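Architecture and fold: a report
Letter by letter, the chains look like this.
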Amino acid sequence: MKGFEYLENEIQEWKNAGAYRPLTELESDQGARVVIDGREVIQLSSNNYLGLTTHPRVKRAALEAVERFGAGTGSVRTIAGTFSMHEAFERELAEFKHTEAALVFQSGFTANVGVLATILTEEDVVISDALNHASIIDGIRLTKAGRRIYQHSDMEDLEAALKETQNARTRLVVTDGVFSMDGDVALLPEIVELAEKYDALVMVDDAHASGVMGRNGRGTVDHFDLNGRVHIQVGTLSKAVGVLGGYVAGPAVLRDYLIHRARPFLFSTSHPPAVTAACQAAIQVLKEEPALIEKLWSNTRMFKEGLTKLGFNTGKSDTPITPVIVGQDALAMKFSDELLKEGVYAQGIAFPTVQRNQARVRTIVTAAHSMEDLETALEAFGRAGQKLGIL
Ligand code: PMP
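Source: prediction; values computed, not measured.

Details of the environment of S45
Looking at the element boundaries, S45 is found in the loop between β2 (39–43) and α2 (56–69). Sequence separation of S45 and V185 is 140 residues, and the distance between their C-alpha atoms is 19 Å. Setting aside residues up to four positions removed in sequence, S45 forms contacts with Y345, A346, Q347 and R362. Within the structure, S45 has its side chain in polar contact with the backbone nitrogen of Q347 (distance 2.8 Å).

Rendered as structure tokens:
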């Protein structure tokens, strides 16, 4: 297309490097098994950790909300789009997270951007882990604050960063709770101790820990017994909670400030009633069905052990995210294709999402997988790994 040749050229380069991926279409709901190209395959790529996307209570809540309150809200929250259910849900979330207040954003992405771009000025410094999620990086790009990136989970480097920035008004240390590509958990107790020693604030993005770690899935702060010592918790409603959205849990003054100043909150229409009602139901399920989280973790242990026994390099994950690291970008894509032929959908992930020579197939087991699903998947990994010379 005329005028877009430069984009076509770049896309061609990705294709030549084997790094071009068309979107994969699901022809079913998001379960332990999904239908792709008319075939049922085992899903190992979703963030639907607890299977809540299809939980009967969650679906029913969404349907009832549509019947009663309609399909959309017709306005941003600050004009005419705040329904009672939005406020009620935020109070429930705050209570769940043991914080004073909570505010829901349209996604986890916009929650991170909303906080980081809004509460810091040129007088402040944000101190961020090198492997933090793209939404944290983009939030930092939008703030006028100074920035200092510390080496991934390197507490000496974090301490050096805190020492270097003592003249700033506020230092905000920000970290993923669980790192999304490697599945390792942040050294939160150490981070909190250092922040307290140097009088800095701490923000945790618990996208992959919400519904997964801590009591009833309250996240890493609860997991490490750090309630009251982490100033800002971001979580998603799009992964284990099974629906859509992100939230910021913290002091009431933060909520108040974000309502008035956070641009993604101010200038984007509020969640449809079905989304909010489904999220409310999902949080109830977390409180009342802890067996789902236990199943997630027993599945995780079984699958990780199986991959390690087969001889794969599974990195240093401590969570249901298990990377199978193969090195070259093109090999990871081939491995993923081979697995799909074997009836397993596990997405290949390459540069720039992960560092060069660290390409991988990333797997995420869920509570919805049966033992049989996981055994079948492990056999497929064994055959595909041998065929491609990875094992
Ligand atoms: N933070 C992390 C660590 C994530 O992995 C993701 C999801 N990719 C997000 C934030 C964004 O969450 P959402 O999908 O709700 O926008």
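A short note on the UniProt feature "modified residue: N6-(pyridoxal phosphate)lysine" (unreviewed entry) in the protein
When the UniProt feature table is mapped onto this chain numbering, "modified residue: N6-(pyridoxal phosphate)lysine" (unreviewed entry) sits at K239. Structurally, K239 is set in the loop between β8 (232–236) and β9 (246–250). For K239, the contacting residues outside a window of four places in its chain are N47, N48, Y49, A207 and H208.

A look at the domain arrangement of the protein
Splitting the protein by domain gives domain 1 (19–49 + 290–388) and domain 2 (56–288). Distance between the C-alpha centres of domain 1 and domain 2: 27 Å. Facing the 20 residues of domain 1 at the interface are 21 residues of domain 2. Roughly 1,600 Å² of surface becomes buried between domain 1 and domain 2 when both sides are summed, with 60% attributable to carbon and sulfur atoms. The interface formed by domain 1 and domain 2 includes nine residue pairs in polar contact (both at pLDDT 80 or more). Looking at the side of domain 1 that touches domain 2, the elements that each hand over two or more residues are α12 (291–310), β10 (321–327) and β13 (359–364). Its residues assigned to classes, the side of domain 1 that touches domain 2 comprises 11 nonpolar, five polar and four charged.

Here we look at the packing of aromatic side chains
Across all of its chains, the model carries six aromatic pairs by this definition. Aromatic pair F312 and F335: ring centres 5.8 Å apart, planes at 35°, arrangement tilted. One end of the pair, F312, is in the loop between α12 and β10; the other, F335, is in helix α13 (residues 329–341), with 23 residues separating them in the sequence. Summarising the aromatic geometry, the rings of F312 and F381 are spaced 6.0 Å apart at their centres and angled 85° between planes, so their arrangement reads as edge-to-face. Highlighted residues: F312 in the loop between α12 and β10 and F381 in helix α14 (residues 371–387), separated in sequence by 69 residues. Judged on exposure class, the residue F312 and its partner F381 are both buried. Just above the ring of F351 sits the side chain of R356; from NZ or CZ to the centre is 3.7 Å.

A word on the sheet that holds β10
Within a sheet, each strand pairs with its neighbour through backbone hydrogen bonds, oriented either parallel or antiparallel. Ordered by their spatial adjacency, three strands build an open sheet running β10-β13-β12, and the pairing between neighbours is antiparallel. The open sheet terminates on both sides in strands that have one partner only, identified here as β10 and β12 (348–349). The pairing of β12 with β13 spans two bridges and is antiparallel. The residue bridging I349 from the neighbouring strand is R360, located in β13. Its contacts with the sheet place α12 against β10 and β13, and it is angled at close to 20° to β10.

A closer look at unusual backbone geometry
The omega angle of the peptide bond from F351 to P352 is 10°, so this bond is cis rather than trans. Here P352 is to be found in the loop between β12 and β13. The phi dihedral of S153 falls on the positive side, at around 50°, and the residue is not glycine. Take S153: it is sitting in the loop between β5 (146–150) and α6 (155–164).

Conventions adopted
- Residues numbered from 1 in each chain as written.
- Predicted model: local features only at pLDDT ≥ 70, side-chain atom pairs only at ≥ 80, totals over all residues.
- Heavy atoms only, no water.
- Helix = DSSP H or I, 4+ residues; strand = E, 2+ residues; numbered from the N terminus.
- Contact = heavy atoms within 4.5 Å.
- Polar contact = N/O pair within 3.5 Å; in protein donor to acceptor, adjacent residues only side chain to side chain.
- UniProt positions renumbered as here; feature names shortened; annotations may be inferred.
- Domains from an automatic or database assignment.
- Buried area = accessible area lost by both parts, 1.4 Å probe.
- Nonpolar A, V, L, I, M, F, W, Y, C, P; charged D, E, K, R; others polar.
- Phe/Tyr/Trp six-rings, centres within 6.5 Å; stacked < 30°, edge-to-face > 60°.
- Buried < 20%, exposed > 50% of the residue type's maximum accessible area, 1.4 Å probe, protein only.
- Lys NZ or Arg CZ within 6 Å of the ring centre and 35° of its normal.
- Pairing = 2+ DSSP bridges.
- Axes fitted to C-alpha atoms, helices over the stretch in contact; angles between N-to-C directions.

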